[in-house]
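Remarks on the overall topology
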Amino acid sequence: MNGSTRSGTLSFVVVILLGTFLCLLSLDGRAFAQSEEDQRAWFGALNSLSSERMIADVRTLSSPAFNGRQDGSADDLRSAQWVAQELTLAGVQLPLIDNKGIAFPSPGASKEEPAGIMASMVSTPLIEPDPVVRTGATDQLVTAQLGRDYLPVFDSPSADLQGQVVFVGYGIVDPAQGIDDYAGVDVKNCIVLFLRGKPDHYPSPVSHADKVRFARARGALAYLTATGPIISPYEIRRGATGRPSALYGQLAPDQALPGAWISTKLAETLLAGSSDESNPDHLRTLQEQLNNAPAARSRRVNRYASLHWKTTIEDGLLTNVVGMIPGTGPEAIIVGAHRDHFGRPAGLLFPGADDNASGTAIVLEVARALGKIGLRPQRTILFLSFSGHEKDSLGSRLYTSRPVIPLGSTKAMINIDHVGVGDGVLILRVTEFKKSTLKEAGYAVGLVRKLDYYGFLPGGDDEPFKEAGISTVSIASGGAHPHMHQPTDTADTINPEILRNIARYVLALAWMLAGGQ
Ligand SMILES: [Zn+2]
């Protein structure tokens, strides 16, 4: 050990002791770790956390071996089995789960269900490699580049079609609010182009699926969607760009249309074709007008698109992993993260390192830290690895429909998602959680100044638990996540310091909650 490491270790210990002292002060006499034995166990667990091990786990999960962990795929099942094996090695129990007779593809002769795996059947869309999208004037369509110019919407049906492009603003139909983006345009047998999101003045939520339904009801053949050139400062901070992004449209087969997310640049090119003099800012002008007030800015453009790809649907297993450290009492807490990502649609690998191999690595590392010290907490600690998140949190919904410990006895759920990049501020999205508990955990690991509290945000794996009346906190790293839903979300972009801090915080919070606080 050299001198600087020694002084680093010393200041580390001072920080911990100071944190513990402040924590003791703030606990009204309740100690973070009550007995000397507890304290030894706590420091043992805390000091065992290893960012190298977490980075290694992120590398493993985001490697081509797991092929992007698409829910329902054989890759997803293998990644679940890998997580189950790591939990076993961590000294965490894997409960036997009644999967209602679902057949697991067994690698060996054994017919036994794997312990700790909770599964249900799910249909998985697979877009075959080498899709083709062409755009341009009718007699000279130019082939667009997969990934840079467009991505097929990954659950959209097979496409083999061509049509004129019709710009339909944000693609919203709500006459009561004075908006009908289809007024005055005929989109029958055309390909509509609508912007992502909605104008600020429009008060209601509108989903991508709603927009596809509006287009289909009016006879459109297919759709293109793009982020408008005007991106809000908030979206820019979160890393929003004009690039196409991975997306599931989430429509039933009888409601879906073939569709692709195209780059802002390609959308601008298509729109420029509608004006007499070529004006590359045309889309910006239209978006400005749409953002200022309800206004119909829809128009047929003098451009065409053709879409060609094949989608097959395969039935597979959606797999959660459940590990537990049994408590002395009937109550439980949950530490969970989703593991699934977008797989390898259209032949493009989406590694999903930040989203959410990072959260999975923290769940595993916290399980190792607690498993190793032979903790016997007051409340059972459940470690959950969900699949199906990218499809409306199917996996966390599966868990709340078949909980291992009754939801009424489950006192808290910590969700961890997108914790590998950004500025390392701990964004806490909280429902019904005692702020004092969140703060005390921050004091215990010297991170209280890095905590930033927000209200609940829909769409996370905490949502089904919140709906079940459980206190939830969803933890993310603040700042920009520029590789979100991109093939560039790779392990070498992950920041070990952020992983380490968030693992320390999750450990402290789980420790307190499992002790009954
Ligand atoms: Zn995601």
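The following refers to the structure shown. (Residues numbered from 1 in each chain as written. Predicted model: local features only at pLDDT ≥ 70, side-chain atom pairs only at ≥ 80, totals over all residues. Heavy atoms only, no water.)

Right, let's talk about the pattern of salt bridges for a bit. Under the definition given, this model contains 15 salt bridges. Put simply, glutamate 365 and arginine 53 hold a salt bridge, and the shortest N to O gap is 2.6 Å. On the criterion of sequence distance, the pair formed by glutamate 365 in helix 9 (residues 353–372) and arginine 53 in helix 3 (residues 51–62) is long-range, its members being 312 residues apart. For arginine 53, a relative accessible area of 29% gives the class partly exposed. Notably, a salt bridge pairs aspartate 57 with arginine 368, separated by 2.9 Å at the nearest N-O pair. Residue aspartate 57 is found in helix 3, and its partner arginine 368 is found in helix 9; the two are separated by 311 residues along the sequence. (Salt bridge = Lys/Arg side-chain N within 4 Å of Asp/Glu carboxyl O. Helix = DSSP H or I, 4+ residues; strand = E, 2+ residues; numbered from the N terminus. Buried < 20%, exposed > 50% of the residue type's maximum accessible area, 1.4 Å probe, protein only.)

Our focus in this paragraph is the nonpolar core. Ranked by size, the top nonpolar core spans 74 residues in total, and within it Ile362, Phe383 and Tyr505 carry the most contacts. Counting residues per element, this core draws most heavily on helix 13 (residues 496–514), at 14 residues. When sequence neighbours within four positions are dropped, the list of residues in contact with tyrosine 505 reads Leu426, Leu428, Leu438, Ala441, Gly442, Val445, Leu447, Leu451 and Ile475. Of all hydrophobic cores here, the second largest spans 32 residues; its members include Ala159, Val165, Leu266 and Ala305. (Core = buried A, V, L, I, M, F, W, Y, C linked by side-chain atoms within 4.5 Å. Contact = heavy atoms within 4.5 Å.)

Glancing now at the side chain of serine 62. Note that serine 62 resides in helix 3. Under the relative-accessibility criterion, serine 62 is labelled buried at 7%. Within the local environment of serine 62, its side chain forms a polar contact with the backbone oxygen of valine 58, the two atoms lying 2.6 Å apart. Sequence-distant contacts of serine 62, that is, excluding residues within four places in its chain, are made with Arg69, Pro351, Gly352, Ala353 and Ala491. (Polar contact = N/O pair within 3.5 Å; in protein donor to acceptor, adjacent residues only side chain to side chain.)

This brings us to unusual backbone geometry. Across the junction of aspartate 355 and asparagine 356, the peptide omega takes the value 0°, indicating a cis bond. Looking at the element boundaries, asparagine 356 is found in helix 9. Positive phi is not limited to glycine here, since histidine 418 has a value of about 60°. Mapped onto the elements, histidine 418 comes out in the loop between strand 15 (410–416) and strand 16 (426–431). A relative accessible area of 11% means that histidine 418 is categorised as buried.

Keep in mind these numbers describe shape, not what the thing actually does.
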